[in-house]
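Listed here are the chains, written in short residue letters.
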Amino acid sequence: MSSDLTYGGDAINAGSVSAGYVQFVSKIPSTTTVSSSPNPSTFGGSAAFAIAVSTNDGVTATGSVSLSDGSLGLGSCTLTAGACTITISNLSVGSHSITARFGGDLTHQPSTSAVLTQQVDRAPTTTAINSSPNPSAYGGTVTLTATVTSGAGNPTGTVSFSDGSTPIGSCTLGSLTATSCTFSTAALTVGNHSLTAYYNGDANRAPSLSAVRTQTVNTVTTTTTLTSSANPVAYGTAITFTAVVSTASATGTVSFSDGTSGVTIGSCGLSSGRCSITVSTLMPGLHPISARYGGDALYSGSASSAVNQTVNKLASSTSQTASATTVAYGSPVTLTATVTPSAATGTVTFYDGTAGATVGTCILASGSCSYVATTLTVGSHTIGATYGGDAILLGSN
């Protein structure tokens, strides 16, 4: 600004005008500060940058402030009461050098804030795991599904599956839906398995671990069938009972029982899913024979339907002799019966076919027995012998 001084003179001195001079008036300094919240922030989330401009003369600064990330402009805001806020939500993951610059106004100088380091972390994620079917059977396929969610768009990358601390497989997100993928396995052993899914993260989203999914793997259901080598059979004949389990890789033991007596008649160890026993001691009669597989670590036990095994009595033959064919009335006659086989037990009855009457009985010993008859009447008598049979032999005449 230019100024001139003028003297008006007096009674003695004449007036005069001085040479002009220039007066310079400078703007008042200002100070700019910037702060952020939250810090650190997360990818995809908002960070609010609060800017304040103070002045040395106490007069409120006016005008605008620009915000920069290094040399990259982020935006601007207009001061109100010396302050304004800019909200940014597109900062990349990493460290950012943020500055705010006040452009000045009519009475205040421009100013730039100190550098604010804004940290942007990867966005949090949530991982969930599911398995199907559950429970499953040993050797069956179990499909594991991982779903990863984030508030910052669709996650990318891979998910790793573990059984306890043992890795069992992985999948790539997007193979099922935009945020999920699957992995299938048939290698889980019988028992309970603590399965987890771990999202490995990507450039903008953080890793996350699912809760434990308990997968139950049961033994494989089996069926057992039973066959007999011959039915019916005669007593003493060797019978082979064969049990077959539906899974050829099943191991363990099969026991055979007679439902009539409730007695176990034998057992055998499986080979290629089958085994046999041979018995020859079943008594004559009907025997409901069944086979029960006891199961092993991988295969469940099962019982066959009963096979009704018929064991028939053996045939016998009976012959008889008399000590004399002609006797005087009242004289004793020894009647002797012989039954084959000689192991026969039980009773033989002698009868008079002429009179239609029983003459007497005797009990077999070593296949034969005798009865002394003293009451035969005068005349001719047709004497016969009937063996009544026993537990093993049929009767015979």
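Look a little higher up for the structure.
Residues numbered from 1 in each chain as written. Predicted model: local features only at pLDDT ≥ 70, side-chain atom pairs only at ≥ 80, totals over all residues. Heavy atoms only, no water.

**A few points about the pairing of strand E35 (residues 357–363)**
Item 1. With six bridges joining them, strand E34 (residues 347–352) and E35 adopt antiparallel strand pairing. Considered in E35, the bridge of Thr347 is made with Ile363.
Item 2. Turn length for the E34-E35 hairpin, with the two strands adjacent in sequence and antiparallel, is four residues, and the turn residue Gly356 shows positive phi of about 65°. (Pairing = 2+ DSSP bridges. Helix = DSSP H or I, 4+ residues; strand = E, 2+ residues; numbered from the N terminus.)

**A look at the pairing of strand E29 (residues 285–293)**
Each regular strand shows side chains that alternate between the opposite faces of the sheet.
Item 1. For strand E26 (residues 253–258) and E29, the ladder comprises five bridges, and the chain directions are antiparallel. Note that in E29 the partner of Ser255 across the bridge is Arg292.
Item 2. Note that E29 and strand E31 (residues 307–312) share five bridges and pair antiparallel. Following the sheet pairing, Ile289 is matched in E31 by Val307.

**Considering the sheet that holds strand E33 (residues 333–340)**
Strands pair in a sheet through their backbones, by hydrogen bonds, and they do so in one of two ways: parallel or antiparallel.
Item 1. In spatial order, the strands read E32-E33-E36; together these three strands make up an open sheet with antiparallel pairing. The open sheet has two free edges, formed respectively by strand E32 (317–322) and strand E36 (368–373), since each of these has just one partner strand. Strand-to-strand twist of the sheet, defined as the mean angle between neighbouring strand axes without regard to direction, takes the value 20°.
Item 2. Relative to E33, E32 runs antiparallel, the two being bridged by six bridges. For Ala322, the partnering residue across the bridge sits in E33 and is Leu335. (Axes fitted to C-alpha atoms, helices over the stretch in contact; angles between N-to-C directions.)

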